[in-house]
Amino acid sequence: QVQLVESGGGLVQAGGSLRLSCAASGFTFSDIWMGWVRQAPGKGLEWLSTIDGVSSTWSADSVKGRFTISRDNAKNTLYLQMNSLKPEDTAVYYCARYGPYNDMNYWGKGTLVTVSS
């Protein structure tokens, strides 16, 4: 079955960097668009970035220029490189795969990122 497992979260100081990974299994990874979403404490879900099966990407204005989504199809792994982190980036970060109706139909369990000021 489809599995998405995020890793790489943790505590970092403002201005620092982290790289999140999402290991995917149970489907043909290279065929599927993938994305990252986050949920800050007490807030709703926020879409961050999407990548198609190769390398075309789209990002929210809130993270454009600081976060970069990428993928390694040979390793079935999705990445999110996060630079210049701010305390407001503190959230649980989820990777998700897109379904046939352009919805995110499978989600990982998330990884917590905490940015201290």
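Treat the numbers as computed from the prediction; the structure is a model and nothing was measured.

Definitions and limits used
- Residues numbered from 1 in each chain as written.
- Predicted model: local features only at pLDDT ≥ 70, side-chain atom pairs only at ≥ 80, totals over all residues.
- Heavy atoms only, no water.
- Helix = DSSP H or I, 4+ residues; strand = E, 2+ residues; numbered from the N terminus.
- Rg over C-alpha atoms; globule rule 2.2 N^0.38 Å.
- Buried < 20%, exposed > 50% of the residue type's maximum accessible area, 1.4 Å probe, protein only.
- Contact = heavy atoms within 4.5 Å.
- Areas by Shrake-Rupley, 256 points an atom, 1.4 Å probe, with all protein chains shown as cover.
- Pairing = 2+ DSSP bridges.
- Salt bridge = Lys/Arg side-chain N within 4 Å of Asp/Glu carboxyl O.

**Student:** I'd love a proper account of the overall build of the protein, names of residues and values included.
**Tutor:** Secondary structure summary: the protein contains 0 helices and 11 strands in total. Reading the helices (α) and strands (β) of the protein from amino to carboxyl end gives β-β-β-β-β-β-β-β-β-β-β. For 117 residues, the compact-globule formula gives about 13 Å, and the C-alpha radius of gyration of the protein, at 13 Å, lands near that figure. Per-residue burial over the protein gives 45% buried out of 117 residues. Within the protein, residue pairs in contact and separated by at least 24 positions form 54% of the contacts whose partners lie at least 6 positions apart. Within the structure as shown, the protein displays about 6100 Å² of accessible surface, and the carbon and sulfur contribution to it stands at 49%.

**Student:** Outline the pairing of strand β10 (residues 104-107), supporting the account with residue identities and numerical values.
**Tutor:** Alignment of strand β9 (residues 91-98) against β10, held across 3 bridges, turns out to be antiparallel. Counted as the bridge partner of A96 is W107 from β10.

**Student:** Just give me the short version of unusual backbone geometry, but keep the residues and values in it.
**Tutor:** Generally, phi is negative for residues other than glycine and the peptide bonds are trans, each holding for most cases. The phi dihedral of S84 is positive, around 50°, even though this residue is not glycine. Assignment of secondary structure puts S84 in the loop between β8 (77-82) and β9. Owing to a relative accessible area of 41%, S84 belongs among the partly exposed residues under this scheme.

**Student:** Outline the pattern of salt bridges, listing residues and values.
**Tutor:** As enumerated under the stated definition, the model contains 4 salt bridges in all. Ionic pairing is found between K64 and D61, a salt bridge with its closest N-O pair at 3.3 Å. Overall, K64 belongs to the exposed group, its relative accessible area being 51%. When the shortest N-O distance is used, the salt bridge between D89 and R66 registers 2.7 Å. Here the residue D89 occupies a position in the loop between β8 and β9, and R66 occupies one in the loop between β6 (57-59) and β7 (67-72), the gap between them amounting to 23 residues. In this structure, D89 and R66 share a single accessibility class: buried. Within the structure, one salt-bridge network assembled from shared partners comprises R38, E46, R66 and D89.

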